[in-house]
Amino acid sequence: MEEDDAVEIEETRVQRAGERLRETREAKGLSIEQVAADTRIPQRHLSTIEAGQFSALPSRTYAIGFSRTYARTLGLDENEILDQVRAELAEADGIPAEKPAKFEPGDPARVPGRGLAWFAVFAAILLLGGVYAFYSSYFAPGLGPAPLEDPAEQVAGEEAAEQQAEATAPAQPTGGPVVFTSEMDGTWVKFYDASGTRLYEAQMAAGDSYTIPADADGPQIWTGRPYALAITVGGQPVPKLTEEDTVVRDVPVTAEALLARDSRPAADPAPAADANDTST
């Protein structure tokens, strides 16, 4: 009887996302090296995903993005896999899967202690005192104590503080060399000008950089990992093209275009099927 119960419990165990990806890959006869080549995801990250150790990846964005790409490559339901990944991430963060039981006054173990009751009374007194002080100053502002500082001096001091803050604020980039730096290994990227002439194409490792030539005519970018590329203009960092796991193509990368992206969408995602196309 105990053996039958153990078999039933094992059969009803929910299969985790990493296990589903690994078993599907093996059923299709694919090695992890083949999947790494198709998805451009490092093998160590694929092994981490299959082991269900999503918290060991660089960030939550990578865990979700890599799992989506992996599921898409194997022909699995992306949304279903992502729901499982999010649930496992929440479980790893210690977020309870079930709602806590409601408070039952009849349970002595759950009745608030005397210390908590006194704290509530003290907090209520402070709240009433604050409300009284507010309404007293609002309806009779002249009855309050005289200011400790002359109003003119106070205004002058505030203006000086504002001027100092403006002087010490970091300067916003207005132009200069545009540099792309890869934050991940295996980041494929291609730069080309308005006529389609290739400027640079490589599988960038983490830390590799490329500076857009100053004389390039309408330089553009094509990559499947825009979230892995940090950008600086004139030495000042600017927002990435996007944080989404999507393919971007024909996106202008001049200093003017990158600095103007605050007023319009950063890029229109290209079809996912083009992510592995490195021709042209």
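Rules and cut-offs
Residues numbered from 1 in each chain as written. Predicted model: local features only at pLDDT ≥ 70, side-chain atom pairs only at ≥ 80, totals over all residues. Heavy atoms only, no water. Helix = DSSP H or I, 4+ residues; strand = E, 2+ residues; numbered from the N terminus. Core = buried A, V, L, I, M, F, W, Y, C linked by side-chain atoms within 4.5 Å. Buried < 20%, exposed > 50% of the residue type's maximum accessible area, 1.4 Å probe, protein only. Contact = heavy atoms within 4.5 Å. Salt bridge = Lys/Arg side-chain N within 4 Å of Asp/Glu carboxyl O. Phe/Tyr/Trp six-rings, centres within 6.5 Å; stacked < 30°, edge-to-face > 60°. Lys NZ or Arg CZ within 6 Å of the ring centre and 35° of its normal.

A. Broad picture of unusual backbone geometry. One non-glycine residue with positive phi stands out, namely Arg-40, at about 60°. Secondary-structure assignment places Arg-40 in the loop between helix H3 (32–39) and helix H4 (43–50).

B. Highlighting the nonpolar core. The biggest cluster of nonpolar side chains holds 25 residues, and the ones touching the most others in it are Leu-21, Leu-46, Ile-49, Phe-54, Phe-66 and Tyr-70. For this core, the secondary structure elements donating two or more residues are helix H2 (17–27), H3, H4, helix H5 (60–74) and helix H6 (78–92). For this core, the leading source of residues is H5, giving seven residues. Excluding its chain neighbours within four sequence positions, the residues that come into contact with Leu-21 are Ile-49, Tyr-70, Ala-71, Leu-74, Leu-76 and Ile-81. The next biggest cluster of nonpolar side chains, apart from the first, holds 18 residues, and it includes Val-178, Met-204, Leu-229 and Val-248.

C. Geometry of the pattern of salt bridges. Taken as a whole and assessed by the stated rule, the structure comprises 10 salt bridges. Arg-22 is paired through a salt bridge with Glu-26; the nearest N and O atoms lie 3.6 Å apart. Separated by four residues within a single helix, Arg-22 and Glu-26 lie in helix H2, roughly one turn from each other. Arg-22 sits in the partly exposed class, given a relative accessible area of 28%.

D. Representation of the packing of aromatic side chains within the structure. The full count for this structure, using the stated rule, is seven aromatic pairs. When the centroid spacing of 5.8 Å and the interplanar angle of 15° are considered together, the rings of Tyr-62 and Phe-66 count as stacked. With Tyr-62 and Phe-66 both in helix H5, this residue pair falls four residues apart, about one helical turn. We note that Tyr-62, like Phe-66, is buried. Taken together through their ring pairs, the aromatic side chains of Phe-180, Phe-191, Tyr-200 and Tyr-210 make up a single cluster. The ring of Trp-222 carries the charged tip of Arg-249 above its face, separated from the ring centre by 3.8 Å.

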